[in-house]
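One-letter residues, chain by chain:
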Amino acid sequence: MRTVDKKTKVSRRRFLQTAGAGTAGVIAVAQGALVMSPGGAWAMEVKNLQPSTMATLIQMARDIYPHDHLADSYYAKAMIGYDEAAGSNGDLKQLLQNGVGELNSAAQAAHGGNYLSVPWEEDRVALLKTIEAEAFFQTIRGGLVTGLYNQPELWAKFGYEGPSAEEGGYIDRGFDDIDWLEA
Amino acid sequence: MAKTYDLNDDSVVVIIGSGAGGGTLGNELAQKGIDTVILEAGGRHEIDAFENDEWNMFSKISWLDPRSTSGNWRVAKDFAGLPAWIVKAVGGSTVHWAGASLRFQAHEFKVRSTYGEIAGANLLDWPIGLDDLAPYYAKAEDKMGVTRTNGIEGLPGNNNYKVMKAGADRLGYKQCHTGRMAINSAPRDDRGPCQQIGFCFQGCKSGAKWSTLYTEIPKGEETGKLEVRPNSQVLKIEHNAEGKVTGVLYADAEGNQHLQRARVVAVAGNSIESPRLLLNSASAMFPDGLANSSGQVGRNYMRHMTGSVYGIFDKPVNMYRGTTMAGIISDEARNDPSRGFVGGYEMETLSLGLPFMAAFLNPGAWGRSFTSALDAYDHMAGMWLVGEDMPQESNRITLHANEKDQYGLPIPVVTKSDHPMDAAMRKHGVAATAKCYEAAGATDVIELPPYPASHNMGTNRMSAKARDGVVNKWGQSHDIPNLFVSDGSQFTTSGGQNPTLTIVALALRQAEQIGRLLNERAI
């Protein structure tokens, strides 16, 4: 049967000034007005939020919906809209800054460092659990449902092929090609 | 050559809504030479405007006006402002329906007689039976080109169906096939055959699936006896001192209000908006709303027992390829109270694209258990359960005490709680589906909670006696002779089948009756 190549290199969005493929499993770090991956695989500029705030949001996004086969750049792309939105929406900016601030305080108390410095997902998730009913967490989680999973660039990573009408549907492209069922 | 009618023309039949009920009724009346105006709240998006994109189409065609929810159903928590997933556009929900076209079983018209009295359920027999509707079912199947009727071949089975069939065969189910679908398996009625695109819920790009948008409506318009006015939100039905309806007040796209006069008004705005309109049309003469002497307007809201189950396999399925719902097991559709509930349910294939799967998999959930399920997306096969739910008086559409919509009218509140029968049936259905997938080799099975309802029924129900319901066996108001209900809200009970075929059959039958009454000058 025809299967989808999940390793296919996908086109990247321009706001991420990419130098190559993203690397999964690294924590985004901040430098100047830039948020970037440690290896410089991708970087993005923030205008309204502190780079450290954005970096924390990206890590938080990954901890909420962890997919080991997705690079951080997909999570970064899901979060970038908050920087622009924070420029015109003071309440949102406040919500995000305070939310990250409280998350860092909780991390300090439990682990002696900010959220980004907590090395294990399990420990970061435990911190998120304590705020999951709050507006800050719910805003980030709710936004991710479309912000992450509605990125056409990542669909192939899940084996989903997206629009098909332009390709003539699947009538000649494997709608019934399953070949492993036992009679 | 579509005609336009004057606002002051009081000889026209005005139909509110252009979906399975309204669109079909409009064409039937026009074919009889009856001047008809359809007022449709949504815009007109032809096939060219359809996109293979779940969220874009959701934004483009869904009914997203403010609504509120209450009751113990999980939808009230997960989707508090979106109790129903239905369409606001010319063609109504026939734009996004899946095409499953099943007749009710004989006993489903006679539930009070068959099931007896059930505590908490407001059961009532329909004032018509399968024999009354059979000729109209036959006509509807021919008109819609339903597969496995009229010598039309079934659709070919896709991967999702093949997994279902493998499990069904192992379990000994006998009634499993690719469904009775209003989707062309071969060219018919100037429409081509299914191209196995997927995206049935986003509007059929090939036009193989029947929708009033590109069948009934243009056919009606060609007669020169039908005008379809899109972007026309009806606000109120007006009546005279005799208690007969005389016209409808509506707002156009710019919000300007107009009064379209009418000889007859037929309400077909789906089971939330239809009762809401009758309630919002209250007057000094009808203080509880139009057609509501029984107090049943808005009550007995049904949305079917639903639930979905996905099997996860160690090899790819790619369920999203091809027709969304062309697969059914009907063995559990019988009434067999020994199972712990009355009525029955159909098991139907269903798939969602990755974006909707993420939204519906387990709303609100996060973390590894969620993402590990989603990581198996291309290894999933999916089924949806559709079963009869119990009518309950307290499940109802009411007007919100203080929240208003963009026209200043109270928004609807949709209250629904499961009856114990509904919960027992869901439990049985989920277990049966899980067994089916395990028989086919699933390594894991996940249950999705019910999502916003596409099947909405019963809020203006049909009854033999005026005190028990809102309309008579023709869908005509017990109280107001020139007011009709033409959508699924007239269902007395929900049956265990997808409702569209029954809505179309009722509209065909109602059109004949309206024609007779107009000829006799009875209305």
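All figures in this text were calculated on a predicted structure; none of them were measured in a lab. The residue count restarts for each chain, going from 1 along the sequence in the order it is written. As they are written, the chains are lettered A onward and the ligands numbered 1 onward, keeping that order. It should be noted that, the model being predicted, local features are given only for residues of pLDDT at least 70 and side-chain atom pairs only at 80 or more, the latter also being counted only at that level, while totals for whole chains, interfaces and linings use all residues. For side-chain calculations, the full set of non-hydrogen atoms in the structure is used, while hydrogens and water are omitted.

S.K.: Just to check I follow, could you spell out the interface of chain A and chain B for this structure?
M.R.: At the interface, 48 residues of chain A touch 42 residues of chain B. Once two parts are brought into contact, the accessible area they lose, counted with a 1.4 Å probe and summed over both, makes up the buried area. Buried surface at the junction of chain A and chain B, summed over both partners, amounts to about 3700 Å²; 60% is from carbon and sulfur atoms. Its largest share of buried area at the contact with chain B, chain A owes to Y160, F175 and W180 of chain A, together 20% of the area lost on that side. Here, a salt bridge means any Lys or Arg side-chain nitrogen found within 4 Å of an Asp or Glu carboxyl oxygen. In this structure, the connection of chain A to chain B is made through six salt bridges. In this structure, R368 of chain B engages E121 of chain A in a salt bridge whose closest nitrogen and oxygen atoms are separated by 2.6 Å. We call two N or O atoms a polar contact when they sit within 3.5 Å, provided that within protein one can donate a hydrogen and the other can accept it, with sequence-adjacent residues counted only if both atoms are side-chain atoms. Taken together, the connections running from chain A to chain B amount to 27 residue pairs in polar contact (both at pLDDT 80 or more). Listed by contribution, the elements that provide at least two residues to the side of chain A that touches chain B are α1 (51–64), α4 (121–129), α5 (135–147) and α6 (152–155) of chain A. Classification convention: Asp, Glu, Lys, Arg as charged; Ala, Val, Leu, Ile, Met, Phe, Trp, Tyr, Cys, Pro as nonpolar; all other residues, Gly among them, as polar. Class assignment for the residues of the side of chain A that touches chain B results in 23 nonpolar, 11 polar and 14 charged. By definition in these notes, contact holds between two residues if any of their heavy atoms fall within 4.5 Å. The helix count covers DSSP runs of H or I at least four residues long, the strand count covers runs of E at least two residues long, and both are numbered beginning at the N terminus.

S.K.: Where do I start with the side chain of H379 of chain B in this structure?
M.R.: All names here are of chain B. If you trace the backbone, H379 turns up in the loop between α10 (368–375) and β13 (380–387). Exposure categories follow from relative accessible area, calculated using a 1.4 Å probe and restricted to protein chains: below 20% of the type maximum is buried, above 50% is exposed, and the middle band is partly exposed. Classification of H379 by relative accessible area gives buried; the value is 19%. In this structure, H379 is in contact with G311, I312, F313, D314, K315, P316 and V317, ignoring residues within four places of it in sequence.

S.K.: For this particular structure, what's the right way to read the packing of aromatic side chains?
M.R.: For any pair of aromatic rings, geometry is given as the distance between the ring centres together with the angle between the planes. Pairs were defined over the aromatic rings of Phe, Tyr and Trp, the Trp ring being its six-membered one, requiring ring centres within 6.5 Å. Orientation was assigned from the angle between planes: stacked under 30 degrees, edge-to-face over 60, tilted for the rest. According to the stated counting rule, one finds 28 aromatic pairs over all chains in the structure shown. Here W180 of chain A and F313 of chain B contribute two aromatic rings whose centre-to-centre distance is 5.8 Å and whose plane-to-plane angle is 45 degrees, an arrangement assigned as tilted. Taken as a pair, W180 of chain A in the segment after α6 and F313 of chain B in the loop between β10 (305–312) and β11 (328–329) lie in two separate chains rather than in one. An aromatic cluster of at least three residues, connected via ring pairs, comprises W55, F58, F79, W85, F201, F356, F360 and Y451 of chain B. Remark: a charge is flagged as sitting over a ring if the NZ atom of Lys or the CZ atom of Arg is within 6 Å of the ring centre and within 35 degrees of the ring normal. Positioned above the aromatic ring of W474 of chain B is the side chain of R509 of chain B, whose terminal nitrogen or guanidinium carbon lies 4.1 Å from the ring centre. Taking the ring centre of W474 of chain B as reference, the NZ or CZ of R516 of chain B above it sits at 5.3 Å.

S.K.: Can you help me understand unusual backbone geometry in this one?
M.R.: Phi is mostly negative for residues that are not glycine, and the peptide bonds are mostly trans. Residue and element names in this part refer to chain B. The phi dihedral of N231 is positive, around 50 degrees, even though this residue is not glycine. Topologically, N231 is positioned in the loop between β5 (226–229) and β6 (233–239). Even without being a glycine, N318 presents a positive backbone phi close to 55 degrees. Position of N318 relative to the elements: it lies in the loop between β10 and β11.

S.K.: Would you take a moment to explain helix α2 (residues 72–88) of chain A for this structure?
M.R.: Working note: α-helix, 3.6 residues per turn, so residues spaced by three or four point in the same direction. In α2 of chain A, a bend of some 30 degrees at A78 of chain A exceeds every other bend along the element. Among the 17 residues in α2 of chain A, 12 count as buried, and that is most of the element. Throughout, bend refers to the angle between the axes fitted to the seven residues that end at a position and the seven residues that start at it.

S.K.: Sorry if this is basic, but what is going on with helix α6 (residues 159–171) of chain B here?
M.R.: Residue and element names in this part refer to chain B. A rise of 1.5 Å per residue sets the reference length of α6, with its 13 residues, at 18 Å; its end C-alpha atoms lie 19 Å apart and thus fit the reference within 8%. Looking only at α6, the buried set comprises N159, N160, Y161, V163, M164, A166, G167 and A168. Directly after α6, the chain includes G172, whose backbone phi takes a positive value near 85 degrees. In a helix, the anticipated span is given by 1.5 Å times the number of residues less one.

S.K.: What exactly am I supposed to notice about the pattern of salt bridges here?
M.R.: It is possible for side chains of opposite charge to pair when their charged atoms get near one another. One pass over the structure, following the stated rule, counts 36 salt bridges over all chains. As a salt-bridge pair, E132 of chain A and K129 of chain A come within 3.5 Å of each other at their nearest N and O atoms. Take K129 of chain A: its relative accessible area is 47%, and that puts it in the partly exposed class. One salt-bridge network, held together by shared partners, links R2, E161 and D177 of chain A together with R321 of chain B.

S.K.: Mind showing me how you'd approach the packing of α1 of chain A against α5 of chain A here?
M.R.: When two helices pack together, their arrangement is given by the angle between the helix axes and by the axis-to-axis distance. Residues and elements named next belong to chain A. Here an axis means a line fitted to C-alpha atoms, over the contact stretch when the element is a helix, while the angle between two N-to-C directions is reported on a 0 to 180 degree scale. Contact geometry for α1 and α5: axes closest at 10 Å, N-to-C directions at 70 degrees. Between α1 and α5, the angle falls in the class roughly perpendicular. Seen along the crossing, α1 lies across α5 with a hand that is right-handed. Between α1 and α5, the residues in contact are L57, M60, A61 and I64 and F136, F137, I140, R141 and L144, respectively. Among the residues making up the contact of α1 with α5, the classes are represented as eight nonpolar, no polar and one charged. Just so you know how the angles are binned, under 35 degrees is roughly parallel, over 145 roughly antiparallel, 65 to 115 roughly perpendicular, and the rest oblique. Less than a right angle of anticlockwise turn of the near helix away from the far helix marks a crossing as left-handed, whereas a clockwise turn marks it as right-handed.

S.K.: Looking at this structure, how should I read the sheet that holds strand β7 (residues 245–251) of chain B?
M.R.: Sheet strands associate in pairs through backbone hydrogen bonding, adopting either a parallel or an antiparallel arrangement. Residues and elements named next belong to chain B. In this scheme, strands are said to pair when DSSP sees at least two bridges between them. Here three strands make up an open sheet; going across it, the order is β6-β7-β8 and the pairing antiparallel. Looking along the sheet, the strands with just one partner apiece sit at the ends: β6 and β8 (257–261). Sheet twist, expressed as the mean angle between neighbouring strand axes with direction ignored, is 25 degrees. Pairing between β7 and β8: five bridges, direction antiparallel.

S.K.: Explanation requested: the side chain of T53 of chain A in the structure shown.
M.R.: All names here are of chain A. Here T53 lies in helix α1. For T53, a relative accessible area of 7% puts it in the buried group. For T53, the contacting residues outside a window of four places in its chain are L96 and V100.

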